[in-house]
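# Structural description and commentary
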Amino acid sequence: LGTLALIGFPFFSGFYSKDAIIEAVHLSERWGSGVVYWAVVLGVFITALYSFRLLYLAFHGNERFEVVNSDEEHLPDGQVAHAPVESPFVVTMPLVLLAIPSVVIGWYTIEPVLFGGWLDDSIYVLERNDVLAELGHHFHGATAMALHAVQTIPFWMMVAGFAVATLVYQFRPALADMAARRAPGIYRLLEHKYYFDELYQRSFADGSLKLGQGLWNKADAGLIDGWLVNGSAKAVNWLAGRVRRWQTGFLYDYAFAMIVGLIAILGTWVVLR
């Protein structure tokens, strides 16, 4: 059910949200909307392809793991300490409760949310951008919208994605390996997810780490510890080393210091008077 809702199969909640977005882009007259339309249509194909690929690899075909007797915490890929087991009730029950809205909630809410004024007090759309108003002229109910889907390009792109995934990952798995060998560049690009993870790792993660290390070395260890904490301790130690020379233990030295202090106080009083 989750896969069907995700790929936008008619009557499922994902269909109403996706199809409404695609049709809104199709009706838009803004610059670049044509390119965006075909991009989202291609996205329908890719979504169906990877969704059914995930479904087939996880729940169908030969097992892709090996049960080994080991006490190691981290095992190599493909090895597990015990065979997978069904999730307990506390996990499956919330999934069931989430699956029910994924089937029915779109059918009930598509019309009041998009065309019934539910969001009029929250969202204001400029007249030149109000493609939903144009879309509303072609809307004849949730059932008619779902039945009309079989005549649209996104529906058949979804079917094509399902067909390719079924062919490659159910009946001809060797096709995936052959495609990887014949187009290694594209395979690596997809395998590394367009290298976005590497980009984020080097720019944000590594950059944040280097920034933190720099602040620690310069600000914390250098300025705070080196100058403020250790510097103040060294200053007190230096001052104490000078002052303690006056602590001779002789009474006349203390009397002399008191006389000098008294003269300083009287002199200050005379000057400031």
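Residues numbered from 1 in each chain as written. Predicted model: local features only at pLDDT ≥ 70, side-chain atom pairs only at ≥ 80, totals over all residues. Heavy atoms only, no water.

With that settled, consider empty space enclosed by the protein. The gaps left among the atoms become clear once a water-sized probe is rolled over them. Summed over all chains, the structure comprises one cavity of 30 Å³ or more. Taken as a whole, the largest cavity spans an internal volume of roughly 100 Å³. Forming the walls of the largest cavity are 13 residues, and the residues nearest its centre are Gly8, Phe15, Asp19, Pro154 and Phe155. Looking at the lining of the largest cavity, the elements that each hand over two or more residues are helix H2 (13–27) and helix H7 (153–171). Examining the composition of the lining of the largest cavity, we find that four residues originate from one element, H2, more than from any other. When its residues are assigned to classes, the lining of the largest cavity shows nine nonpolar, two polar and two charged. (1 Å grid on protein atoms, 1.4 Å probe; cavity = no way out; pocket = protein on both sides within 12 Å on 5 of 7 lines; lining within 4 Å. Points joined across faces, edges and corners; volume = space filled by probe spheres on them. Helix = DSSP H or I, 4+ residues; strand = E, 2+ residues; numbered from the N terminus. Nonpolar A, V, L, I, M, F, W, Y, C, P; charged D, E, K, R; others polar.)

The computed volume of the largest pocket comes to approximately 870 Å³. Around the largest pocket, the lining is made up of 19 residues, and of these Leu49, Arg53, Tyr169, Tyr187 and Leu190 lie nearest the centre. Every element with two or more residues in the lining of the largest pocket is listed here: helix H3 (33–59), H7, helix H8 (174–182) and helix H9 (184–191). The dominant element in the lining of the largest pocket, judged by the number of residues it contributes, is H3, at five residues. A per-class count over the lining of the largest pocket returns 15 nonpolar, no polar and four charged.

Looking at where serine 102 falls in the secondary structure, it is placed in helix H4 (residues 89–115). Within the structure, serine 102 has its side chain in polar contact with the backbone oxygen of alanine 99 (distance 2.5 Å). The residues touching serine 102, leaving out its near neighbours within four places in the chain, are Ala5, Phe12 and Ser13. (Polar contact = N/O pair within 3.5 Å; in protein donor to acceptor, adjacent residues only side chain to side chain. Contact = heavy atoms within 4.5 Å.)

All right, on to the nonpolar core then. In this structure, Ile7, Ile22, Val25, Tyr37, Val41, Val44, Ala48, Phe52, Tyr56, Phe155, Met158 and Ala165 together form the largest nonpolar core, which totals twelve residues. Where this core is concerned, the elements lending two or more residues are H2, H3 and H7. If you tally residues by element for this core, the top one is H3, at six residues. Aside from chain neighbours lying at most four places away, what touches valine 44 is Ile22, Pro154, Met157 and Met158. One finds Ala20, Ile110, Ala146 and Ala149 within the second-largest nonpolar core, a separate group that totals nine residues. (Core = buried A, V, L, I, M, F, W, Y, C linked by side-chain atoms within 4.5 Å. Buried < 20%, exposed > 50% of the residue type's maximum accessible area, 1.4 Å probe, protein only.)

When its domains are assigned, the protein chain resolves into domain 1 (1–62 + 85–192) and domain 2 (200–272). Here domain 1 and domain 2 have C-alpha centroids that lie 67 Å from each other. (Domains from an automatic or database assignment.)

This part takes up the packing of aromatic side chains. For the structure shown, the criterion picks out nine aromatic pairs. Plain terms: the ring middles of phenylalanine 15 and tyrosine 16 are 5.0 Å apart, the flat faces sit at 70° to each other, and that makes the pair edge-to-face. Each of the two residues, phenylalanine 15 as well as tyrosine 16, counts as buried. Between phenylalanine 52 and phenylalanine 162, the ring centres sit 4.8 Å apart and the planes meet at 70°, which makes this aromatic pair edge-to-face. With a gap of 110 residues between them, phenylalanine 52 in helix H3 and phenylalanine 162 in helix H7 connect regions that are remote in the sequence. Look at phenylalanine 52 and you get buried, because its relative accessible area is 9%. Three or more aromatic residues joined by ring pairs form one cluster here, namely Phe52, Tyr56 and Phe162. (Phe/Tyr/Trp six-rings, centres within 6.5 Å; stacked < 30°, edge-to-face > 60°.)

Right, let's get into the confidence of the model for the protein chain. Taken over all residues, the pLDDT of the protein chain has a mean of 81, while the share at 70 or more is 92%. Within the protein chain, H7 carries the highest mean pLDDT (91), whereas strand S2 (residues 79–80) carries the lowest (61). (pLDDT = per-residue confidence, 0-100.)

Attention now goes to the environment of glycine 34. Note on placement: glycine 34 falls in helix H3. On the accessibility criterion, glycine 34 (40% relative accessible area) is partly exposed. The spacing of glycine 34 and valine 243 is 209 residues in sequence and 84 Å in space, taken between C-alpha atoms.

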